[in-house]
Amino acid sequence: MATGTTNDSIFSYLFFFVCFISAVLAHFFFRRRNRVDEPPSPPALPFIGHLHLVGSVPPKSFQSLARSYGPLLNIRLGASTCVVASNAAIAKEIFKIHDLSFSSRPEFGSSEYFIYRGSRFVMAPYGDYWRFMKKLCMTRLLGVAQLDKYVDVREEEKIKIVESVVKCCREGKPCDLRSGLTTLTNNIFCRMAMSTTGSEKDNEAEEVKEIVNTCLTLGGKLSLGDVLGPLKVFDFSGTGKKLLRALNKYDQLVERIIKEHEDKAKEGFQDDRRDLMDILLETYADPTAEVKLSKKDIKSFLRLCDLFFAATDTSSAAMQWAMGELINNPEAFKKLRDEIHAVVGPKRLVKESDVQNLPYLQAVIKETLRLHPSAPLIIRECSEDCRVNGFMVNAKTRVLIKVFALMRDPECYTDPDEFMPERFLESSDEKIGEHQMEYKGQNFGYLLYGSGRRGCPGASLAMLVMHAAVGSLVQCFDWKVKDGDKVDLSIGSGFAAEMARPLVCYPIEHFSPL
C-alpha cells in the first residue's frame with residue numbers, strides 16, 4: 001500500500017514537472033507576437049520577460065533600450081507589462097494631445113498593505129478627489145501666499161546648515177552633505193507642514209522622517225513584487241507585514257499631531273500663519289467644501305508618497321548633485337561665486353529674493369535637474385485605447401516616460417551628457433534655449449516635475465529651497481573631496497537615480513557672514 005502511495009506521489013511530481021516544462025517551451029516557441037499596430041518589443045525570455053535587459057540603474061537601462069529599439073517600446077518585467085516612452089515628441093503626445101487619457105497613475109505591489117488605500121493624492125485616479133486636492137495645493141497649501149509666510153523658516157534652516165558646515169571647517173572634520181541637506185529639507189517641510197522640527201522635545205520630525213524612510217524602502221521592495229504577478233500575495237519575504245507595522249506606527253504619530261493642532265485651533269491662532277496641517281483640518285471641518293476630506297485623507301496626504309517624499313528626498317538629492325557637479329567643474333563653481341559676490345556682496349548670505357538677479361545660479365540648477373532629474377521616470381496609466389506615435393496603446397496599460405533619457409537626447413541638446421549651465425543662458429544652446437526652459441512642463445524636452453494635469457504642485461517650494469541653499473554653500477565654502485580629486489558621480493541602483501555614495505567633503509571657509 002505504501003509503495004503504491006509513493007509511486008502515485010512520484011507520478012504526480014513527474015506529471016507536474018512535464019507540464020511545467022511544456023508550458024515554458026510553449027511560451028518560448030509560441031508566444032504571441034506583437035500586433036502590427038502595437039509598439040515594438042525586444043526579444044523576451046519566458047517568465048522574466050525583459051528583466052535580463054534591465055540593470056541595477058533602470059533609467060540608464062531604458063535609455064540604452066530606446067537607442068536600440070526606438071522611442072516607444074513594449075517592455076515586460078515578469079508579470080508586469082508597460083509601454084516605455086523616451087523622447088520629446090512622444091512625451092508631447094502623451095502630456096498634451098492625450099493628457100486626459102494619461103491623467104491617472106497605476107497602483108503598485110504595496111497597495112494591498114496601504115492602510116490609507118483610496119486616499120492617496122499622488123497615486124489617486126483622475127477624478128473629483130484628485131482635482132479638489134490639486135486645487136487646494138495650488139491655491140492654499142503651496143500657493144504663493146502660503147510660501148511667502150514661511151520665508152523666515154527657510155532662511156533659519158539655511159543658516160543652520162551653513163553654521164553646521166562652519167563647525168566642520170573649524171574642527172577640521174569632513175562634512176556629509178547628504179545628511180546635512182536631507183536635514184535641511186526635512187526640517188523646512190516639517191515646520192511648514194506641522195510646525196515641528198527635529199530639535200523639539202518630542203523629536204516629531206525625526207520620528208516622521210525615520211518612519212517615512214522605512215515605508216519608502218519597504219514599499220519599493222513590494223512594488224518590485226509586481227513582477228511576480230498573482231504570487232505576490234504570498235509575501236514570501238514578510239515585507240508586507242513590516243510595511244503594515246510601519247504604517248500603523250506612522251498613523252499613531254500623526255494622530256497625535258492632529259490632536260495637538262485641533263487643541264491649538266480651539267484656543268485660537270496667535271497670528272495668521274497656519275501650517276499645512278491647520279489648513280487641511282480647516283478643510284476637513286468645512287461643511288461647504290467641494291469634497292469632504294477625512295482624517296485618513298489628511299494622514300495620507302502628508303505621507304511619503306504624497307507631499308513629504310516630494311518635498312524632502314528629491315530636493316535633497318538634487319542639491320547633492322548640484323554640489324557634486326560644481327565641485328567637479330571648478331570654472332562653473334568660480335563663475336557662480338563671482339556672480340553671487342557681484343550681486344549680493346561680501347557681508348550677507350544669498351537670499352531667495354536675490355535669485356531673480358542671479359541668472360547663472362538659475363542656470364546651474366536647471367542644468368543639474370536636466371542631468372539628474374528628481375523624477376527620472378514618470379508613470380501613468382492609459383484610461384482608454386489611443387494611438388501614440390502611430391501605435392496603439394490599450395486601456396489600463398502602464399506607461400513609463402523616461403525623463404532621464406529625453407533630457408539627454410542629442411536631438412535636443414548639444415553634448416547632452418556634459419554639465420554646461422551656459423546652455424541655459426540667452427539661448428546659447430543651438431538646439432534648445434533658456435527662454436524655452438521653465439518648470440511647468442510646457443517644453444517636452446525638459447520635464448523636471450512632470451507635465452499636464454499631474455504636474456508636481458511642490459515645484460515652487462523645491463526651487464526656493466534649492467537655489468538659496470546651493471548658492472550659500474558655494475558663496476561661503478571651498479570644498480575638497482575626501483577620497484580623491486573628483487566627486488564620484490555614479491548613479492545609485494533603483495529607479496530614483498540618486499548618488500551611489502554619500503557626498504562627503506572637507507569644507508574650507510571662504511568667508512563667514514554669520
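Residues numbered from 1 in each chain as written. Predicted model: local features only at pLDDT ≥ 70, side-chain atom pairs only at ≥ 80, totals over all residues. Heavy atoms only, no water.

Strands belonging to one sheet form pairs held by backbone hydrogen bonds; the direction of such a pair is parallel or antiparallel. In space, the 4 strands of this open sheet follow the order 1-2-7-4, with mixed pairing throughout. Among the strands making up the open sheet, the edge pair consists of strand 1 (72–77) and strand 4 (377–381). Along the sheet, successive strands turn relative to each other by an average axial angle of 30°, direction set aside. With 5 bridges connecting them, strand 4 and strand 7 (residues 398–402) associate as antiparallel partners. In the strand pairing of strand 7, Glu-381 is matched with Arg-398. Along the sheet, helix 3 (residues 88–97) makes contact with strand 1, strand 2 (80–85), strand 4 and strand 7, crossing strand 7 at roughly 130°. (Pairing = 2+ DSSP bridges. Helix = DSSP H or I, 4+ residues; strand = E, 2+ residues; numbered from the N terminus. Axes fitted to C-alpha atoms, helices over the stretch in contact; angles between N-to-C directions. Contact = heavy atoms within 4.5 Å.)

Let us now look at the pattern of salt bridges. Within this structure, the stated rule accounts for 26 salt bridges. For the salt bridge of Glu-422 with Lys-335, the shortest nitrogen-to-oxygen distance reads 3.5 Å. With Glu-422 in the loop between helix 16 (403–406) and helix 17 (459–476) and Lys-335 in helix 14 (residues 330–344), this residue pair connects regions lying 87 residues apart in the sequence. You can call Glu-422 partly exposed: its relative accessible area is 30%. Between Asp-478 and Arg-337 there is a salt bridge, with the nearest N and O atoms lying 2.8 Å from each other. Note that Asp-478 is positioned in strand 8 (residues 477–481) and Arg-337 in helix 14, a separation of 141 residues in sequence. By relative accessible area, Arg-337 is classed as buried at 13%. Linked through salt bridges whose partners overlap, the residues forming this network are Glu-156, Glu-157, Lys-160 and Arg-191. (Salt bridge = Lys/Arg side-chain N within 4 Å of Asp/Glu carboxyl O. Buried < 20%, exposed > 50% of the residue type's maximum accessible area, 1.4 Å probe, protein only.)

To continue, consider the packing of aromatic side chains. To describe a pair of aromatic rings, one takes the distance between the centres and the angle between the planes. Counted according to the given criterion, the structure contains 3 aromatic pairs. A ring pair is formed by Tyr-126 and Trp-130, whose centres lie 5.6 Å apart and whose planes are at 50°; its orientation type is tilted. With 5.5 Å between their ring centres and 55° between their planes, Phe-424 and Tyr-446 make a pair best called tilted. With Phe-424 in the loop between helix 16 and helix 17 and Tyr-446 in the loop between helix 16 and helix 17, this residue pair connects regions lying 22 residues apart in the sequence. Assessed through its relative accessible area of 2%, Phe-424 is described here as buried. The ring of Tyr-126 has Arg-131 lying over it, and the distance from NZ or CZ to the ring centre is 5.0 Å. (Phe/Tyr/Trp six-rings, centres within 6.5 Å; stacked < 30°, edge-to-face > 60°. Lys NZ or Arg CZ within 6 Å of the ring centre and 35° of its normal.)

A separate point is the packing of helix 15 (residues 359–371) against helix 17. Between helix 15 and helix 17, the shortest axis-to-axis distance is 10 Å and the interhelical angle comes to 115°. Taken together, the axes of helix 15 and helix 17 are roughly perpendicular relative to one another. Pair helix 15 / helix 17 crosses with right-handed handedness. Counted together, Leu-361, Gln-362, Ile-365 and Leu-369 of helix 15 and Met-463, Met-466, His-467, Val-470 and Gly-471 of helix 17 form the full contact between these two elements. Of the residues belonging to the contact of helix 15 with helix 17, the class tally is 6 nonpolar, 3 polar and no charged. (Parallel < 35°, antiparallel > 145°, perpendicular 65-115°, else oblique. Left-handed = near helix turned anticlockwise from the far one by under 90°. Nonpolar A, V, L, I, M, F, W, Y, C, P; charged D, E, K, R; others polar.)

Another aspect to go through is the confidence of the model for the chain. For the chain, per-residue confidence averages 80 on the pLDDT scale, and 76% of positions sit at 70 or higher. Highest mean pLDDT in the chain belongs to helix 14 (97); lowest belongs to helix 1 (residues 2–30) (48). Below a pLDDT of 50 lies the segment residues 198–202, which in the model reaches 8 contacts outside its immediate sequence neighbourhood of four places, other chains included. Counting contacts from residues 432–436, a segment whose pLDDT is below 50, to residues more than four positions away or on other chains yields 15 contacts. (pLDDT = per-residue confidence, 0-100.)

One can find Glu-282 in helix 10 (residues 276–285). Each C-alpha atom of the pair Glu-282 and Glu-262 lies 9.5 Å from the other, and the pair is 20 residues apart in sequence. Here Arg-274 takes part through its side chain, which lies 2.4 Å from a polar atom of the side chain of Glu-282. (Polar contact = N/O pair within 3.5 Å; in protein donor to acceptor, adjacent residues only side chain to side chain.)

For the rest of this paragraph, the subject is the pairing of strand 9 (residues 504–509). Here strand 3 (residues 175–176) pairs with strand 9 via 2 bridges, running antiparallel. Looking at strand 9, one finds that Cys-175 is bridged to Cys-505. Here 5 bridges tie strand 8 to strand 9, and the two strands are oriented antiparallel to one another. What sits directly across from Asp-478, in strand 9, is Ile-508.

A word on unusual backbone geometry. The phi angle at Lys-396 is positive, at roughly 75°, despite the residue not being glycine. Topologically, Lys-396 is positioned in the loop between strand 6 (391–393) and strand 7. Classification of Lys-396 by relative accessible area gives exposed; the value is 65%.

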